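As a plain string of letters, each chain reads:
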Amino acid sequence: MNLKRTKLILSMVAVLSSAKLVGAQSSLDFETYRTRVEPLFLKVREGGVRCYDCHSVMATRLRLEPLSAGSSSWTPEQSRLNFKVVSELVTPGAPMKSRLLLHPLSPEEGGDPTHTGGKFWKSKNDSEWKILADWVAAGSSVPTGLSKSKPVGVDFDYYKTVVEPIFLKERPGHARCYGCHDLASRSFHLEPLTAGSPGWTDEQSHSNFQSALQQIVPGDPTASRLLMHPLAPEAGGEAFHSGGRQFASQNDPDWLAIAQWVRGSDSTEAVAPGKGTTLIYVTNSAADTIDVIDSRSNQVVQVIRGIELPHGVTFSPDTSRVYISNESESVLDVVERNSGNIQKIALSDHPNNIAITKDGGRVLVGIRANPGTVDVIDTKLLRRTNSIPVDGSVHNVYVTPDGKYAVSGSIENKSATVIDLQTEKAVWKVKFDAGVRPMAFDTNPDGSTSRIFVQLSGFNGFAVVDFAKRAETSRVTFPGQPGGFGIAEGRLGTPSHGIGVAPDGKSLWVNSTVANAVFKYSLPELGLLGHADLPEVHPSGRAPTGSVPEWITFLPDSKFVYVSNSGAASVSVIDVTTLKAVGLIPVGEVPKRINSLTIH
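Calculation criteria
Residues numbered from 1 in each chain as written. Predicted model: local features only at pLDDT ≥ 70, side-chain atom pairs only at ≥ 80, totals over all residues. Heavy atoms only, no water. Helix = DSSP H or I, 4+ residues; strand = E, 2+ residues; numbered from the N terminus. Rg over C-alpha atoms; globule rule 2.2 N^0.38 Å. Buried < 20%, exposed > 50% of the residue type's maximum accessible area, 1.4 Å probe, protein only. Contact = heavy atoms within 4.5 Å. Areas by Shrake-Rupley, 256 points an atom, 1.4 Å probe, with all protein chains shown as cover. Phe/Tyr/Trp six-rings, centres within 6.5 Å; stacked < 30°, edge-to-face > 60°. Lys NZ or Arg CZ within 6 Å of the ring centre and 35° of its normal. Axes fitted to C-alpha atoms, helices over the stretch in contact; angles between N-to-C directions. Parallel < 35°, antiparallel > 145°, perpendicular 65-115°, else oblique. Nonpolar A, V, L, I, M, F, W, Y, C, P; charged D, E, K, R; others polar. Salt bridge = Lys/Arg side-chain N within 4 Å of Asp/Glu carboxyl O. pLDDT = per-residue confidence, 0-100. Lys, Arg positive; Asp, Glu negative; His and termini not counted. Polar contact = N/O pair within 3.5 Å; in protein donor to acceptor, adjacent residues only side chain to side chain. Pairing = 2+ DSSP bridges. Disulfide = S-S within 2.5 Å.

(A) The overall build of the chain, seen in detail. Scanning the chain for helices and strands turns up 11 helices and 28 strands. A globule of 600 residues ought to have a C-alpha radius of gyration of about 25 Å, and the chain, at 26 Å, matches this closely. Counting all 600 residues of the chain, 55% fall into the buried class. A separation of at least 24 residues holds for 48% of the contacts in the chain among residues at least 6 apart in sequence. Carbon together with sulfur atoms contributes 52% to the accessible area of the chain, which is approximately 25,500 Å² in total.

Here is the structure:
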């Protein structure tokens with residue numbers, strides 16, 4: 001798909017998405033929704049739980065507005081917002097094609113296989129189901145202003161040439177998608193092939209295309225049943241698919257091809273978010289992809305491809321460039337964010353994590369090879385200008401908050417080396433009794449560096465280094481509970497990995513693989529404020545394991561923290577006040593380094 005065509009489709013997405021919303025509002029009756037449908041979300045069900053209890057806090061497609069304190073119902077303004085969300089989950093005029101009606105309906109009656117909130121409609125004769133069905137059926141089957149044959153942000157030609165052949169593909173150990181979905185009873189229905197024909201006619205493909213459109217949310221692959229239903233649960237898919245786990249991971253080439261179609265654009269092309277938007281970049285260390293999450297929706301909006309074994313990620317101060325250390329080629333990849341072009345800069349050896357100076361003039365690359373160096377990349381010349389000797393091969397490298405120093409950490413030499421960035425020379429170091437893992441920093445009132453918080457091999461906690469004294473002064477050990485993880489995952493040598501100070505400087509956040517949690521400490525006191533649990537992984541036939549958290553980043557207002565779960569192929573979004581997860585975002589294979597970019 002060429003750039004001109006991609007931009008045209010993207011503009012169509014914006015226009016048609018807007019039209020879709022307006023159409024939904026005009027074809028579905030708001031007053032009926034507010035007086036008959038919306039109260040169902042507040043009804044107390046078996047076990048004392050309401051739909052609202054989950055759908056007001058969890059990052060699901062049905063996200064209801066939080067009720068005001070002390071209120072038992074929504075304001076008209078809140079109901080309008082709920083109405084917009086609910087309207088996206090129905091097909092006006094077609095109750096049996098509407099996720100809102102199928103998800104909590106018994107499978108025996110044609111409902112979806114699973115619903116984490118339970119199946120509270122056992123029959124389509126249920127009075128609640130009938131209320132919803134009558135409301136949906138009364139709506140026009142074609143939203144106002146849109147032709148039925150007009151795809152919403154997705155391309156028929158791409159569907160026919162790239163997506164549709166996947167449904168006929170023979171996968172080892174699996175039946176073809178077509179083998180089941182040619183049945184007329186399937187919600188996703190494929191036209192029967194003519195005897196002896198290897199594929200569908202154009203007319204049949206158009207019919208298949210319309211059926212596929214009912215299974216997707218244009219622009220949002222992870223909210224699209226076509227992608228999530230046949231995806232393995234361990235990779236973020238639905239709990240059960242009668243056709244089996246067609247896609248083992250979101251890095252499956254066929255899954256990615258369908259996702260690209262759903263996005264409505266070439267997924268390798270750079271996103272163009274508005275000013276003030278914060279994007280979360282996630283390097284998938286066992287893949288050749290970097291996922292880009294829009295923090296407004298907590299959805300992956302771009303996948304950068306072709307960088308095998310990506311490790312560290314950082315950005316130019318003007319947000320025009322993304323710098324990524326490439327372990328497979330021993331280069332620093334410079335990605336132009338707007339064009340997507342990539343330029344490669346040769347490094348002295350195998351890289352690990354990276355950092356950038358405050359003025360953006362130099363990228364510092366930790367070299368994971370002895371005797372130990374930090375490569376310096378001039379961002380104007382786009383070449384290596386120096387390799388600074390340090391104490392041992394470098395696992396991570398950082399720039400201190402005041403921008404005056406860089407600090408490298410070595411696992412093998414059990415040391416942290418401080419570099420004067422003005423002279424580009426090592427000026428002092430701290431030795432430990434274990435390998436140095438990730439680090440974080442807090443500041444004095446004048447902005448100078450106060451302390452270094454250091455994670456160590458084999459230690460479930462962190463060490464504290466006084467920057468002025470140039471020495472370790474204390475250690476903080478995590479509480480014994482929660483615990484019990486790390487053995488099955490083979491990570492007791494790295495029980496704690498990932499640490500960060502919130503942008504407002506008020507709290508320190510530290511991952512623990514043993515606890516399968518992230519702990520929150522107050523600053524400057526280092527008082528334990530609590531922890532947030534991370535998701536468990538449920539292997540077939542074995543006890544649950546932990547998600548193996550790796551890295552931490554924040555939104556600039558310090559309200560949310562993002563944690564990469566390398567063992568669960570996901571990113572957790574945690575509310576820093578409630579210490580509750582508000583989102584879980586599927587990403588690629590073994591996500592590790594994660595960083596935030598706020599667009600200027």
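(B) Spotlight on the packing of aromatic side chains. Taken as a whole, this structure holds 24 aromatic pairs when the rule is applied. Aromatic pair Tyr52 and Trp74: ring centres 5.8 Å apart, planes at 70°, arrangement edge-to-face. A residue pair is termed long-range when its members are at least 10 positions apart, and Tyr52 in helix H3 (residues 51-55) and Trp74 in the loop between H3 and helix H4 (76-87) qualify at 22 residues. Each residue in the set Phe156, Tyr159, Phe167, Phe188, Phe209 and Trp261 is aromatic and connected to the rest through ring pairs, giving one cluster. In this arrangement the basic side chain of Arg475 is found over the ring face of Phe459, its NZ or CZ atom lying 5.6 Å from the centre. Seen from the ring of Trp551, Arg593 lies directly overhead, with NZ or CZ sitting 4.2 Å from the centre.

(C) The packing of helix H2 (residues 30-37) against helix H6 (residues 127-137), seen in detail. The interhelical angle for the contact between H2 and H6, taken along N-to-C directions, is 175°, at an axis separation of 10 Å. With respect to each other, H2 and H6 are oriented roughly antiparallel. Touching Thr32, Tyr33, Arg36 and Val37 of H2 are Ile131, Leu132 and Trp135, all from H6. Taken together, the residues of the contact of H2 with H6 sort by class into 5 nonpolar, 1 polar and 1 charged.

(D) Broad picture of the side chain of His181. In this fold, His181 is placed in helix H8 (residues 177-181). Residue His181 is classed as buried on the basis of its relative accessible area of 17%.

(E) Summary view of the pattern of salt bridges. This model, assessed by the stated rule, comprises 21 salt bridges. Residues Glu424 and Arg362 are paired through a salt bridge, measuring 2.9 Å at the closest nitrogen-oxygen approach. Remark: Arg362 occurs in strand E9 (residues 362-367) and Glu424 occurs in the loop between strand E14 (415-420) and strand E15 (425-431); sequence separation between them is 62 residues. Residue classification places Glu424 among the buried positions, given a relative accessible area of 17%. The shortest N-O distance in the salt bridge between Arg368 and Glu412 comes to 2.9 Å. Of this pair, Arg368 sits in the loop between E9 and strand E10 (373-378) while Glu412 sits in the loop between strand E13 (405-410) and E14, and the two are 44 residues apart along the sequence.

(F) Region of the structure containing the confidence of the model for the chain. Of all residues in the chain, 90% attain a pLDDT of 70 or more, and the chain-wide mean is 86. Within the model, the stretch residues 1-26 combines pLDDT values under 50 with 37 contacts to residues more than four positions away or in other chains. Scored below 50 in pLDDT, residues 141-153 shows 25 contacts in the model against residues more than four places distant or in partner chains.

(G) Highlighting the side chain of Glu164. Within the secondary structure layout, Glu164 lies in the loop between helix H7 (156-163) and H8. Comment: no salt bridge for buried Glu164; closest opposite-charge side chain is Lys160, at 4.3 Å. Side chain to side chain, Glu164 and Ser205 meet in a polar contact 2.6 Å long.

(H) Representation of the sheet that holds E14 within the structure. Read across the open sheet, the 4 strands follow the order E12-E13-E14-E15; overall the sheet is antiparallel. Each edge of the open sheet carries a strand with a single partner, namely strand E12 (396-399) and E15. With direction set aside, neighbouring strand axes in the sheet form an average angle of 20°. Taken together, the 6 bridges between E13 and E14 define a ladder with antiparallel strand orientation. Across the sheet, residue Tyr405 finds its bridge partner in E14, namely Asp420.

(I) Quick look at the environment of Ile307. In this structure, Ile307 sits in the loop between strand E3 (299-305) and strand E4 (310-315). Through-space distance from the C-alpha of Ile307 to that of Asp288 is 4.8 Å; in sequence the pair is 19 residues apart. Not counting residues up to four positions away in its chain, the partners in contact with Ile307 are Ala287, Asp288, Thr289, Ile290, Ile324, Asn326, Asp333, Val335 and Ile342.

(J) Just the state of the cysteines, in detail. All chains considered together, the criterion is met by 0 disulfides. There is no disulfide at Cys51, and the cysteine sulfur nearest it, in Cys54, is 8.5 Å away. The exposure class assigned to Cys51 is buried, which follows from its relative accessible area of 13%.

(K) Layout of the sheet that holds strand E16 (residues 436-443). Within the open sheet, the 4 strands sit side by side as E16-E17-E18-E19. Their pairing is antiparallel. On the outer flanks of this sheet lie E16 and strand E19 (471-477), each paired with one strand and no other. Strand-to-strand twist across the sheet, computed as the mean angle between neighbouring axes with direction ignored, equals 25°. Bridging between strand E17 (residues 449-456) and strand E18 (residues 461-466) involves 4 bridges; their strand directions are antiparallel. Across the sheet, residue Ile452 finds its bridge partner in E18, namely Val465.

(L) Structural detail: the packing of H7 against helix H11 (residues 253-263). Direction vectors running N to C along H7 and H11 enclose 175°, while the axes themselves pass 10 Å from each other. As judged from the angle between their axes, H7 and H11 are roughly antiparallel. Judged by residue contacts, Tyr158, Tyr159, Val162 and Val163 of H7 engage Ala257, Ile258, Gln260 and Trp261 from H11.

(M) Up close: the pairing of strand E8 (residues 351-356). Counting buried positions along E8 yields 6 of 6 residues, so the element is predominantly enclosed. The pairing of E8 with E9 spans 4 bridges and is classified as antiparallel. Its bridge partner being in E9, Pro351 is matched across the sheet by Ile367. Taking the residues that link successive antiparallel strands as the turn, the E8-E9 hairpin has 5 residues, and the phi of Gly360 there is positive, at about 75°.

(N) Looking closely at unusual backbone geometry. Here Gln481 and Pro482 are connected by a cis peptide whose omega angle stands at 0°. Structurally, the position occupied by Pro482 is in the loop between E19 and strand E20 (499-501). Pro524 follows Leu523 through a cis peptide bond whose omega is 10°. You can see Pro524 is positioned in the loop between strand E22 (517-522) and strand E23 (528-533). The phi angle at Ser558 is positive, at roughly 65°, despite the residue not being glycine. Among the secondary structure elements, Ser558 is positioned in the loop between strand E24 (549-554) and strand E25 (560-565).

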